[in-house]
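Tertiary structure, described
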Amino acid sequence: MNTRTILFDSPFLLGFDHTRTLIDRAARAAADSYPPYNVEQRGERAVRITLAVAGFGPEDLSVTVEGRQLTISGKRDDGGKSDQAFLHRGIAGRGFLRSFVLADGLEIDGARLEHGLLHVDMSRPEDAPAVRRIPITSG
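Throughout, a residue's number is its position along its own chain's written sequence, starting from 1. Two thresholds apply to this predicted model, a pLDDT of at least 70 for residue-level local features and 80 or more for giving and counting side-chain atom pairs, whereas whole-chain, interface and lining totals are computed over all residues. To obtain the side-chain values, all non-hydrogen atoms of the structure were used and water was disregarded.

1. Some remarks on the sheet that holds strand E7 (residues 117-123)
DSSP bridges decide pairing: two strands pair if at least two such bridges lie between them. In DSSP terms, a helix is any run of H or I states spanning at least four residues, a strand is any run of E spanning at least two, and both are numbered starting from the N terminus. Pairing is antiparallel in the open sheet, where four strands are placed in the order E1-E2-E7-E6. Looking at the sheet topology across the chains shown, the edges are occupied by strand E1 (37-41) and strand E6 (107-114). Taken pair by pair, the neighbouring strands of this sheet meet at an average axis angle of 15°, ignoring direction. Throughout, an axis means a line fitted to C-alpha atoms (over the contacting stretch in the case of helices), and angles, computed between N-to-C directions, take values from 0 to 180 degrees.

Printed below as a string of structure tokens:
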């Protein structure tokens, strides 16, 4: 039996079915090693994901956010150069799809491609309350 299943079946964790799905999706994505990437803490409220995407141009890459999932994909068009004869081909040019699960309140600030590295910057706005008081009504 899976430990995560037991944990999420606890009666004290209500409404976490979506979280279980996100954790399983993140575990599957972590098993893929292409393209290599870094996740960097940049200050107290900012994070940067950097992917090594040598040979990809801005038109070959896509960065999207749906719900709390950040998806970065790449698809290169070889431009009909299939008759090339490589003596050694060590630079991977295959397409990829890399997904990251974002924490609540984390927002994408932008994406920049420079020197074969795609930087995706995120931050958590300061006005996001850490503790929220819930009013109690009677009746």
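2. Thoughts on the pairing of strand E3 (residues 61-66)
Regular strands place their side chains on alternate faces of the sheet. Sheet topology note: the E3/strand E4 (residues 69-74) ladder contains six bridges and is antiparallel. What sits directly across from Thr 64, in E4, is Thr 71. Where E3 hands over to E4, the hairpin turn is made up of two residues, of which Gly 67 adopts a positive phi near 65°.

3. Some details on the environment of Ala 52
Structurally, the position occupied by Ala 52 is in strand E2 (residues 46-52). A C-alpha to C-alpha distance of 6.1 Å links Ala 52 and Pro 35, two positions 17 residues apart in sequence. Apart from the residues lying within four places of it in its own chain, the contact partners of Ala 52 are Pro 35, Pro 36, Gly 116 and Leu 117. Here, residues are in contact when the closest pair of their heavy atoms is within 4.5 Å.

4. Quick word on a negative patch on the surface
Patch membership is restricted to residues that have no salt bridge and whose relative accessible area is over 30%. Joining uses 9 Å for like charges and 5 Å for the nonpolar side chains Val, Leu, Ile, Met, Phe, Trp and Tyr. Values of accessible area rely on a 1.4 Å probe in the Shrake-Rupley scheme; residue burial ignores everything except the protein chains shown. The salt bridge criterion pairs a side-chain nitrogen of Lys or Arg with a carboxyl oxygen of Asp or Glu, the two atoms within 4 Å. In this tally Asp and Glu are treated as negative and Lys and Arg as positive; neither His nor the chain ends contributes. Charge positions are represented by NZ for Lys, CZ for Arg, CG for Asp and CD for Glu. A surface patch of like charges, here negative, comprises Glu 44, Glu 107, Asp 109, Glu 126 and Asp 127. Positionally, Asp 127 belongs in the segment after E7. Exposed residues in this analysis have more than 50% of their type's maximum accessible area, buried residues have under 20%, and partly exposed residues fall in between, with area computed by a 1.4 Å probe over protein chains only. By relative accessible area, which is 67% here, Asp 127 ends up exposed.

5. Comments concerning unusual backbone geometry
Although it is not a glycine, His 115 adopts a positive phi angle of roughly 55°. Within the secondary structure, His 115 is located in the loop between E6 and E7.

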